Amino acid sequence: MHDQVCADLIGSSPLFYSLSGLIGYLFFTAQRKSFSELFVLFKSHNLLSAMVDGIFPLTSWKWEGIPLPKLEEQPDEPHLLSSIDLTSWVVNQLRTSRYNDVRDIIEGKKDLVRLIELKERRERGDKVTATIQLTRQQRFSSSAAYLVTEPTNKEPCQQCNSRSSSGPCALCIAGGPELFTGACTNCQYSSNASKYTFYAKK
Ligand SMILES: [Zn+2]
């Protein structure tokens, strides 16, 4: 009986309406799916919190689960900031960088692996802290990698061990051949990649 009613209904409806109904249904389902997927995507990337022009807000990046603090003003001497404030200052420049490779690195991992910690050394009895200036693409990309890279090296490289090392960060962090051809972030920062111990020779 039920089958007969259905058959009658379909039979009495023009083919056009059946097809358009089917297409409409499929379209509606696809729309719903993409909306829900979009919502999950937006939520997972924290895009709902004031993302402007594709730039993630500074608070997207976290250290030990806590969003990075916003600095009230630009520091005159960033190397004198605390590690957390210095990291915030650096990430703020990285996230708005015009270099795609830099954005890819820093946007790829928003739970930071470490803070920027600058090298300190003694010079004639005085403690001297290295300075960090993001003035070139290599400096941007190396600083981004320093914050998010799990190191593949167990020992510091020759450059990082040497007193003349010009890389600014306290740790020697190399991410394997895929990252800066094996150079550590300090060597990448100071354009010493070819001198680097772990440098993958071609
Ligand atoms: Zn190194």
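Before reading on, note that the structure itself is shown above.
Read on for a plain summary of the structure. (Residues numbered from 1 in each chain as written. Predicted model: local features only at pLDDT ≥ 70, side-chain atom pairs only at ≥ 80, totals over all residues. Heavy atoms only, no water.)

### Digging into the overall build of the protein chain
Link 1 in the chain: Counting its regular elements, the protein chain contains seven helices and four strands.
Link 2 in the chain: Scanning the protein chain from its N terminus toward the C terminus, one meets helices and strands in the order α-α-β-β-α-α-β-β-α-α-α.
Link 3 in the chain: Considering only residue pairs separated by 6 or more positions, the protein chain has 61% of its internal contacts joining residues 24 or more positions apart.
Link 4 in the chain: Taken as a whole, the protein chain presents about 13,100 Å² of accessible surface, with 55% of it coming from carbon and sulfur. (Helix = DSSP H or I, 4+ residues; strand = E, 2+ residues; numbered from the N terminus. Contact = heavy atoms within 4.5 Å. Areas by Shrake-Rupley, 256 points an atom, 1.4 Å probe, with all protein chains shown as cover.)

### Section: the pairing of strand 4 (residues 126-129)
Link 1 in the chain: As paired elements, strand 3 (residues 120-123) and strand 4 share four bridges and run antiparallel to each other. The residue of strand 4 that forms the bridge with Arg122 is Lys127. (Pairing = 2+ DSSP bridges.)

### Here's the deal with the coordination of the zinc ion
Link 1 in the chain: For the zinc ion, the protein coordination sphere consists of Cys157 (SG), Cys160 (SG), Cys172 (SG) and Cys184 (SG), at 2.3 to 2.4 Å.
Link 2 in the chain: Seen from the zinc ion, its four donor atoms lie at angles of 106 to 115 degrees, and the figure they make is tetrahedral.
Link 3 in the chain: Coordination of the zinc ion draws on donor residues from a single chain, spaced C-x2-C-x11-C-x11-C in sequence. Placement of Cys160 in helix 6 (residues 158-161) and of Cys172 in the loop between helix 6 and helix 7 (185-189) is noted, with a sequence separation of twelve residues between them. Comparing Cys160 with Cys172 shows no difference in burial state: the two are buried. (Donors = N, O, S within 2.8 Å, 3.2 Å for Na, K, Ca; no water. Tetrahedral: all angles 85-135°; square planar, octahedral: opposite > 155°, others 65-115°. Buried < 20%, exposed > 50% of the residue type's maximum accessible area, 1.4 Å probe, protein only.)

### Notes on the environment of Asp101
Link 1 in the chain: With respect to the secondary-structure elements, Asp101 resides in helix 4 (residues 100-108).
Link 2 in the chain: Between the C-alpha atom of Asp101 and that of Ala144, which follows or precedes it by 43 residues, the distance is 9.6 Å.
Link 3 in the chain: Excluding residues within four positions of it along the chain, Asp101 makes contact with Gln137 and Ser141.

### Some remarks on the nonpolar core
Link 1 in the chain: Counting residues in each nonpolar core, the largest one holds 25 residues, and the members touching the most others are Val90, Leu94, Ile106, Leu112, Ile116, Ile132 and Leu147.
Link 2 in the chain: Every element with two or more residues in this core is listed here: helix 3 (83-95), helix 4 and helix 5 (137-148).
Link 3 in the chain: Discounting residues that sit within four places of it in the chain, Ile106 has contacts with Trp61, Leu94, Arg95, Leu112, Ala144, Leu147 and Val148.
Link 4 in the chain: Counting residues in each nonpolar core, the second largest holds ten residues, with Cys157, Cys172, Phe180 and Ala183 among its members. (Core = buried A, V, L, I, M, F, W, Y, C linked by side-chain atoms within 4.5 Å.)

### With respect to unusual backbone geometry
Link 1 in the chain: Phi angles above zero are rare outside glycine, and Glu64 is one such case at about 50 degrees.
Link 2 in the chain: Relative to the assigned elements, Glu64 resides in the loop between strand 1 (62-63) and strand 2 (66-67).
Link 3 in the chain: The phi dihedral of Phe180 falls on the positive side, at around 50 degrees, and the residue is not glycine.
Link 4 in the chain: Counting through the fold element by element, Phe180 comes out in the loop between helix 6 and helix 7.
Link 5 in the chain: When its relative accessible area of 15% is taken as the criterion, Phe180 is described as buried.

Fair warning: the whole summary comes from geometry, so function is off the table for now.
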